[in-house]
Amino acid sequence: MDGAAPGVREETPAAPRDPDRRVGSVEVLAGLLILLVVFREPLARALSAPRLQTWTTVFVSVMVQAVPFLVFGVLLSAVIAVFVPRSFWARALPRHPALAVPVASAAGVVLPGCECGAVPIAGSLIRRGVTPAAALAFLLAAPAINPIVLTATAVAFPDDPAMVLGRAVASLVVAMVMGWLWLRLGRADWIRLPRRPELDDGPRGRAFWGAVRHDVTHAGGFLVIGAAAAATINVVVPERWLQTLADEPVLSVLALAALAVLLSLCSEADAFVAASLSQFSLTSRLVFLVVGPMVDLKLISMQAGVFGRRFALRFAPTTFAVAVAVAVATGAVLL
């Protein structure tokens with residue numbers, strides 16, 4: 001528990017298995033290569049199918065968008081975990097948790113990162129003693145209010161500058177509300193961080209690269225799962241449904257909120273997708289831009305991997321509801 005925020009549980013690693021009975025990565029790779037050779041002709045025919053090509057395109061695009069920012073977030077997370085002393089956070093953030101939440105939310109302005117990178121950073125902040133409410137507020141705010149995202153939004157909506165202000169205001173409000181809700185309703189045992197004794201023992205260089213390898217493997221695996229799920233949804237959901245839903249104000253808001261979750265776009269690119277959905281109202285598209293960086297398939301998967309399934313099952317639906325409500329209210333005022 002050394003180094004974790006008060007009340008946050010760290011999982012104790014399971015006892016190591018007998019190495020003689022464990023199947024290693026070399027054996028798995030050899031098995032996959034054999035299967036590829038045996039089934040090469042059926043696989044070649046399947047890969048030529050249009051739907052599978054669409055799936056592959058979406059999957060690769062999500063990965064290409066997300067991986068650079070995931071790596072950036074992992075590197076920053078390792079720097080925070082290894083080189084930043086715990087006393088720094090006591091000085092940087094207000095001692096009162098309720099005041100630390102808005103400060104941590106506003107800190108997202110100075111970090112040009114994606115939601116994929118914010119997840120390991122938030123986990124590292126909690127491990128270094130930052131109150132979970134402040135770390136979670138940062139996790140939600142950073143991907144939506146940083147300068148790169150707001151600039152991309154301005155470029156995507158040149159005739160509607162209020163979209164930039166609406167996105168910034170709504171995202172910041174959602175982050176603070178969720179932080180305060182966690183202070184009020186959250187429970188410490190919902191967050192189960194994997195125990196990381198290597199971060200406090202041994203040389204710093206070895207600890208840094210050990211943290212990088214751990215987070216890339218851990219968060220990257222869940223990113224692949226989320227990207228695959230998003231690609232599957234893109235292939236399964238018929239495009240004509242969108243036009244039907246756009247004609248109903250309430251359904252259009254819910255449809256674009258759900259679409260943001262399913263598409264799992266990177267926050268640096270989602271504004272251009274929202275701008276292309278011209279059949280929908282500006283408020284509906286604002287909901288799309290606010291919900292996407294906070295709740296989507298890859299994020300839910302990554303949050304489950306970093307913080308535990310109990311956390312993700314509670315945090316994601318609550319964030320979704322708050323984000324939709326705040327974005328609709330913001331749109332009604334600004335758009």
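Below or above, wherever it landed, is the structure these notes cover. (Residues numbered from 1 in each chain as written. Predicted model: local features only at pLDDT ≥ 70, side-chain atom pairs only at ≥ 80, totals over all residues. Heavy atoms only, no water.)

Notes on the packing of helix α14 (residues 282-291) against helix α16 (residues 309-334)
Here is the rule: Simply put, an axis is a line fit to the C-alpha atoms, just over the touching stretch for a helix, and the angle between two N-to-C directions goes from 0 to 180 degrees. Helical segments are the DSSP runs of H or I of at least four residues, strand segments are the runs of E of at least two, and each set is numbered from the N terminus. Throughout this description, any angle smaller than 35 degrees is read as roughly parallel, any larger than 145 degrees as roughly antiparallel, any in the 65 to 115 degree range as roughly perpendicular, and the remainder as oblique. Take the far helix as your reference; a near helix turned counterclockwise from it by less than a right angle gives a left-handed crossing, and one turned clockwise gives a right-handed crossing. By definition in these notes, contact holds between two residues if any of their heavy atoms fall within 4.5 Å. For this classification, Asp, Glu, Lys and Arg are treated as charged, while Ala, Val, Leu, Ile, Met, Phe, Trp, Tyr, Cys and Pro are nonpolar and the rest, including Gly, are polar.
It is at 9 Å that the axes of α14 and α16 come closest, and there the two elements cross at 140°. As summarised for this structure, α14 and α16 are arranged oblique, according to the angle between their axes. Between α14 and α16 lies a crossing whose hand is right-handed. Across from Thr283, Leu286, Val287, Val290 and Val291 in α14, the residues of α16 making contact are Phe320, Ala323, Val324, Ala327, Val328, Thr330, Gly331 and Ala332. Grouping the constituent residues of the contact of α14 with α16 by class yields 10 nonpolar, three polar and no charged.

Details of the pattern of salt bridges
Side chains that differ in sign of charge can pair as their charged atoms come close. We count it as follows: Think of a salt bridge as a Lys or Arg side-chain nitrogen and an Asp or Glu carboxyl oxygen that are within 4 Å of each other.
In total, this model carries four salt bridges according to the counting rule given. When the shortest N-O distance is used, the salt bridge between aspartate 189 and arginine 187 registers 2.9 Å. Residue aspartate 189 pairs with arginine 310 through a salt bridge whose shortest N-O separation is 4.0 Å. Taken as a pair, aspartate 189 in the loop between α9 (162-185) and β2 (192-194) and arginine 310 in helix α16 lie far apart in primary sequence, 121 residues in all. Through salt bridges that share partners, Arg187, Asp189 and Arg310 make up one connected network.

Notes on a nonpolar patch on the surface
Put simply, the rule reads: Two distance rules govern patches: like charges are joined within 9 Å, and nonpolar side chains (Val, Leu, Ile, Met, Phe, Trp, Tyr) within 5 Å, applied only to residues with over 30% relative accessible area and no salt bridge. The Shrake-Rupley method, run with a 1.4 Å probe, gives the accessible areas here. Residue values count only the displayed protein chains as cover. The buried label goes to any residue with under 20% of its type's maximum accessible area, the exposed label to any with over 50%, and the partly exposed label to all in between, with areas taken from a 1.4 Å probe on protein chains only.
Together, Leu165, Val169, Val333, Leu334 and Leu335 line one region of the surface with nonpolar side chains, adding up to about 410 Å² of accessible area. For valine 333, the position within the fold is in helix α16. Owing to a relative accessible area of 68%, valine 333 belongs among the exposed residues under this scheme.

Notes on the packing of helix α5 (residues 97-106) against α9
For the pair α5 and α9, the least separation of the axes is 9 Å and the interaxial angle reads 150°. Of the possible angle classes, the one that applies to α5 and α9 is roughly antiparallel. For the crossing formed where α5 meets α9, the hand is right-handed. Contacts from Pro97, Ala98, Val101, Pro102, Ser105 and Ala106 of α5 reach α9 at Leu172, Ala175, Met176, Gly179, Trp180 and Leu183.

Here's the deal with the packing of aromatic side chains
To keep things clear, this is the line we draw: Stacked, tilted and edge-to-face are the three classes applied to pairs of Phe, Tyr and Trp rings, where Trp contributes its six-membered ring and a pair requires centres within 6.5 Å; stacked means planes under 30 degrees apart, edge-to-face means over 60, and tilted covers the rest.
Counted according to the given criterion, the structure contains five aromatic pairs. With 5.0 Å between their ring centres and 80° between their planes, phenylalanine 208 and tryptophan 209 make a pair best called edge-to-face. Grouped by ring-pair contacts, the aromatic residues Trp182, Trp190, Phe307, Phe311 and Phe315 constitute a single cluster.

Focus on helix α8 (residues 147-156)
Rule in force here: The arc in question is formed by the directions pointing from the helix axis toward the C-beta atoms. Here a polar contact is taken to be a pair of N or O atoms separated by no more than 3.5 Å, where protein atoms must pair a possible hydrogen donor with a possible acceptor and residues adjacent in sequence count only if both atoms sit in side chains.
By the burial criterion, the buried members of α8 are Val149, Leu150, Ala152, Thr153 and Ala156. Down the axis of α8, the buried side of the element spans an arc of 160°, and every buried residue falls inside it. On its buried side, α8 packs onto α7 (132-145), α9, α13 (270-276) and α14. With a side-chain oxygen lying 3.1 Å from the backbone nitrogen of valine 149, the N-terminal cap of α8 falls on asparagine 146.

Here's the deal with α16
Operational definition: For a helix, the expected span equals 1.5 Å multiplied by the number of residues minus one.
Helix length check: α16, at 26 residues, gives a terminal C-alpha distance of 36 Å against a target of 38 Å (1.5 Å per residue), a fit within 8%. For α16, the complete set of buried residues consists of Phe311, Ala312, Phe315, Ala316, Thr319, Val322, Ala323, Val324, Val326, Ala327, Thr330 and Gly331. On its buried face, α16 sits against α7, α9, α12 (249-263), α14 and α15 (297-307).

Quick notes on the nonpolar core
Rules: As used in this record, nonpolar core signifies buried Ala, Val, Leu, Ile, Met, Phe, Trp, Tyr and Cys residues forming a set joined through side-chain atoms within 4.5 Å.
One finds Val174, Phe288, Val291 and Phe307 to be the most contacted residues of the largest nonpolar core, which totals 67 residues. Looking at this core element by element, the count peaks at 12 residues for α7. Beyond its immediate sequence surroundings of up to four residues, phenylalanine 307 is in contact with Val119, Ala122, Gly123, Ile126, Leu139, Trp190, Ile191, Arg192 and Leu193. Formed by six residues, the second largest nonpolar core is a distinct cluster that contains Val74, Ala207, Phe208 and Val212.

Limitation: the analysis is restricted to geometry and does not speak to function.
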